[in-house]
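The residues making up each chain are set out below.
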Amino acid sequence: MNTVTLTPGKATLRQLERLYRGGHAAKLPARARKPVERAAAQVASAAENSAAVYGVNTGFGKLASVKIAARDTAALQRNLILSHCCGVGEAVEPAIARLMMALKLLSLGRGASGVRWEIVALLEGMLSAGATPVIPAQGSVGASGDLAPLAHMAAVMIGEGEADFAGTRLAGGEALASAGLRPVALAAKEGLALINGTQFSTACALAALFDARRNIEAAIVTSALATDAIMGSTAPLRPEIHELRGQPGQIEVAAAMRALMEGSAIRESHRENDSRVQDPYCIRCQPQVTGACLDLLRQAARTLEIEANAVTDNPLVLADSGDILSGGNFHAEPVAFAADQIALAIAEMGSIAQRRIALMVDPTLSFDLPPFLTPDPGLNSGFMIAEVTSAALMSENKHLATPCSTDSTPTSANQEDHVSMAAHGARRLARMNRNLAAILGVELLCAAQGIGFRAPLKTSRPLQRAIRRLRTDIAPLEADRYLAGDLEKARDLIESEEIVIAAGKRPIIDWEGPTWSR
């Protein structure tokens, strides 16, 4: 297994995506050990003193006024973990659980959490050996950290809970033993440091960001195909239009579409004497809509990159001043806002793609394509219901895009009286991305079918390569057949990036720079 070394405070989105996609292990550099142990010594000293320090020698939340004797420190931390293991629902994917663990490593590695290096080493060992905690998806409101999900992670570290190891779900202690690891006995504040933080919400949001990036690149390819299928104009892609507005995403999307469509014989065939003055918005305004989605994703990317490198537990150990201070870095409002931004971008990409699908199957709007893109309409229904499916998925994503960050409910006897709802705001994004990939898959099928009807005219070489890749898996629709399998295969081609790769220019959008990789 490959190992990625993460520098606390300086991890990049590129590194985190490698971890997420590749199942790599993660570790901190050796130089991180000194500040970690310095903060741990400060906490150990505070635990022996009589002065009350939240989470070190007191109870938690509403029980912060209850002083805990030094002899009960270990029991306090163990009880904290077990009592907070209240997650419900299906377990998150192991890739997200592992990304969450890597993010916790980054947070602890900043040397402001007060845990011993032993805690860091165990997390590294679990990632290296593939002992992955089973994390129920539901139970966090994104306020005092992702308490329940992180508690399920910490439970395995003390030999409790459940973990996946070598493809088998085992009791936490058994999974550690099978991996050649031993559970830890938590010292002062260590349980609190493990469960306070935004790492679950951030991991879910990052995974969605990575998948949304794939979807937006695929959408640029399918939209270029759809434009040629309905013999749309490329005049709205001219750079002068977009430079006059100045929105960076819009400029980049228009440039990418121009490159993909350059040399299309279909386009050249109707450049002169076309009776249509303007195309509908779903064709004419593609750079404006998709470009705005791109800009929104990049804003979210910047927020999540900062959050991935942040210290978000409580209290925080300030080694230079000697203070241990209570604060609110665990509140996941930035993540909630980023998740809502990603949701809006996903929903809008699907919305405009669905309108392009509707355009292609409608003979009154498709510029002489046969009804529902079938060579024998009437006897055959063609892509009639595939378009309906895309409409259903589009509508579902619109509903799911309703902001979660505007919701709040008081918890913990009103001590935690404003919460972010970042966890379920981020979790819903996986479903939305899956829906969007299916919509784009339908667009891919319809556009390739439409371009086929323009023969002997051909589309551009990049788009021809994309169609050839599609046709290795899915034949043209000559007569009605069972289409569900085709739709699944088309979605797979979108999610795997194979259509984008086949088009020959990858990445289509340059994600390098300050927002994607420092």
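Residues numbered from 1 in each chain as written. Predicted model: local features only at pLDDT ≥ 70, side-chain atom pairs only at ≥ 80, totals over all residues. Heavy atoms only, no water.

Student: Explain a positive patch on the surface here, please?
Tutor: On the surface, a cluster of positive charge is made up of Lys 458, Arg 461, Arg 465 and Arg 468. For Arg 468, the position within the fold is in helix H18 (residues 461–473). (Patch = residues over 30% accessible without salt bridge, like charges linked within 9 Å, V, L, I, M, F, W, Y side chains within 5 Å. Areas by Shrake-Rupley, 256 points an atom, 1.4 Å probe, with all protein chains shown as cover. Salt bridge = Lys/Arg side-chain N within 4 Å of Asp/Glu carboxyl O. Lys, Arg positive; Asp, Glu negative; His and termini not counted. Charge placed at Lys NZ, Arg CZ, Asp CG, Glu CD. Helix = DSSP H or I, 4+ residues; strand = E, 2+ residues; numbered from the N terminus.)

Student: Please clarify how the confidence of the model for the protein should be interpreted in this entry.
Tutor: Should pLDDT be low for a region, the predicted coordinates there are not to be read in detail. When pLDDT is averaged along the protein, the result is 93, and 96% of the positions lie at 70 or above. Predicted confidence is poor over residues 513–518, with pLDDT under 50, and the contacts of this stretch with residues over four places away or in other chains come to 26 contacts. (pLDDT = per-residue confidence, 0-100. Contact = heavy atoms within 4.5 Å.)

Student: What am I meant to see in the pattern of salt bridges here?
Tutor: If the charged atoms of two oppositely charged side chains come close together, the side chains can form a pair. Scanning the model with the defined rule gives 24 salt bridges in all. Here Arg 214 makes a salt bridge to Glu 497, at a shortest N to O gap of 3.1 Å. Note that Arg 214 is positioned in helix H9 (residues 199–229) and Glu 497 in the loop between helix H19 (484–495) and helix H20 (498–503), a separation of 283 residues in sequence. On the accessibility criterion, Arg 214 (17% relative accessible area) is buried. One salt bridge in this structure joins Arg 298 and Glu 252, with 2.7 Å as the shortest N-O distance. One end of the pair, Arg 298, is in helix H14 (residues 286–308); the other, Glu 252, is in helix H11 (residues 248–261), and 46 residues separate them in sequence. Looking at Glu 252, the relative accessible area reads 24%, which means it is partly exposed. One connected set of salt bridges, linked through shared partners, spans Glu 17, Arg 21, Asp 211, Arg 213, Arg 214, Glu 217 and Glu 497. (Buried < 20%, exposed > 50% of the residue type's maximum accessible area, 1.4 Å probe, protein only.)

Student: Help me understand unusual backbone geometry, please; the structure alone is not making it clear to me.
Tutor: When glycine is set aside, most residues are seen to have a negative phi, and most peptide bonds are trans. Cis geometry is adopted by the peptide bond preceding Pro 315, which originates at Asn 314 and carries an omega value of -5°. Mapping Pro 315 onto the fold places it in the loop between H14 and strand E8 (316–318). Cis peptide bonds are those with omega within 30 degrees of zero, and the linkage from Ala 455 to Pro 456 qualifies with 10°. Within the fold, Pro 456 resides in the loop between helix H17 (422–452) and H18. Phi at Met 231 is positive, roughly 55°, even though this residue is not glycine. Within the secondary structure, Met 231 is located in the loop between H9 and helix H10 (239–245). For Phe 367, which is not glycine, the phi dihedral falls at a positive 60°. Here Phe 367 shows up in the loop between helix H15 (333–361) and helix H16 (384–400).

Student: Help me understand the packing of aromatic side chains in this model?
Tutor: Pairs of aromatic rings are described using the distance from one ring centre to the other and the angle between the two planes. As enumerated under the stated definition, the model contains 1 aromatic pair in all. Aromatic side chains Tyr 20 and Phe 210 sit 6.0 Å apart centroid to centroid with 40° between the ring planes, which places their arrangement in the tilted category. Remark: Phe 210 occurs in helix H9 and Tyr 20 occurs in helix H1 (residues 13–22); sequence separation between them is 190 residues. Judged on exposure class, the residue Tyr 20 and its partner Phe 210 are both buried. (Phe/Tyr/Trp six-rings, centres within 6.5 Å; stacked < 30°, edge-to-face > 60°.)

Student: Hey, could you run me through helix H4 (residues 94–108) in this one?
Tutor: Here H4 contains 15 residues, and its C-alpha end-to-end distance of 21 Å stays within 8% of the 21 Å for a straight helix at 1.5 Å per residue. Burial within H4 is extensive, with 13 of its 15 residues counted as buried. (Expected span 1.5 Å × (residues − 1).)

Student: I would appreciate a short explanation of the pairing of strand E6 (residues 162–165) in the present structure.
Tutor: Moving residue by residue along a regular strand, the side chains alternate between the two faces of the sheet. Residues Ala 163 and Phe 165 line the buried face of E6, whereas the alternating positions Glu 162 and Asp 164 sit on a face that is not buried. Sheet topology places strand E4 (residues 132–133) next to E6; 2 bridges connect them, and they run antiparallel. Counterpart to Pro 133 in the pairing with E6 is Ala 163. Pairing analysis gives 4 bridges linking E6 to strand E7 (residues 168–171), with the strands arranged antiparallel. (Pairing = 2+ DSSP bridges.)

Student: For this particular structure, what's the right way to read the sheet that holds E4?
Tutor: Hydrogen bonding along the main chain pairs the strands of a sheet, whether they run parallel or antiparallel. Here 3 strands make up an open sheet; going across it, the order is E4-E6-E7 and the pairing antiparallel. If you trace the sheet from one side to the other, it starts and ends with E4 and E7, each paired once.

Student: Just checking my understanding: could you explain the nonpolar core for this structure?
Tutor: In globular proteins that are soluble, nonpolar side chains generally tend to be buried together. Within the largest apolar cluster, 151 residues are counted, with the highest numbers of intra-cluster contacts made by Leu 16, Met 126, Met 153, Leu 206, Val 221 and Ile 342. The element contributing the most residues to this core is H9, with 19 residues. Excluding anything up to four places from it in sequence, Met 153 contacts Met 100, Met 101, Lys 104, Leu 123, Pro 133, Ile 135 and Leu 194. Membership of the second largest hydrophobic core comes to 9 residues, among which are Val 43, Ala 47, Val 317 and Ile 324. (Core = buried A, V, L, I, M, F, W, Y, C linked by side-chain atoms within 4.5 Å.)

Student: Is there a simple way to explain H19 in this structure?
Tutor: Residues that lie three or four places apart on an α-helix share one face, since the helix turns once every 3.6 residues. Between its terminal C-alpha atoms H19 stretches 17 Å, which fits the 16 Å expected from 12 residues at 1.5 Å a residue. Every buried residue belonging to H19 is among Asp 486, Leu 487, Ala 490, Arg 491, Leu 493 and Ile 494, and all of these are buried. What you see down the axis of H19 is that its buried residues fit within an arc of 155°, all on one side. Check the buried side of H19 and you find it contacts H9, H16, H17, H18 and H20. Backbone geometry just after H19 places Glu 497 at a positive phi near 70°. (Arc of directions from axis to C-beta.)

Student: Help me understand the state of the cysteines in this model?
Tutor: Any covalent bond linking the sulfur atoms of two cysteines counts as a disulfide. Summed over all chains, the structure comprises 0 disulfides. We note that Cys 85 lacks a disulfide partner, and the nearest cysteine sulfur, in Cys 86, lies 7.4 Å from it. Overall, the relative accessible area of 24% leaves Cys 85 in the partly exposed class. No disulfide involves Cys 204; its nearest neighbouring cysteine sulfur is the one of Cys 404, lying 12 Å away. (Disulfide = S-S within 2.5 Å.)

Student: Is there a simple way to explain the packing of H15 against H17 in this structure?
Tutor: In a pair of packed helices, the angle between the axes and the distance between the axes together describe the arrangement. Direction vectors running N to C along H15 and H17 enclose 20°, while the axes themselves pass 9 Å from each other. Accordingly, the angle class assigned to the pair H15 and H17 is roughly parallel. Relative to H17, the crossing made by H15 is left-handed. Residue composition of the contact of H15 with H17, by class: 22 nonpolar, 4 polar and 4 charged. (Axes fitted to C-alpha atoms, helices over the stretch in contact; angles between N-to-C directions. Parallel < 35°, antiparallel > 145°, perpendicular 65-115°, else oblique. Left-handed = near helix turned anticlockwise from the far one by under 90°. Nonpolar A, V, L, I, M, F, W, Y, C, P; charged D, E, K, R; others polar.)

Student: Before we go on, may I ask you to explain the environment of Gly 89 in this structure?
Tutor: Examined against the element boundaries, Gly 89 turns out to sit in strand E3 (residues 88–91). Counting along the chain gives 23 residues from Gly 89 to Ala 112, while the straight-line C-alpha distance between them is 33 Å. In contact with Gly 89, not counting residues within four places along its chain, are Pro 136 and Gln 138.

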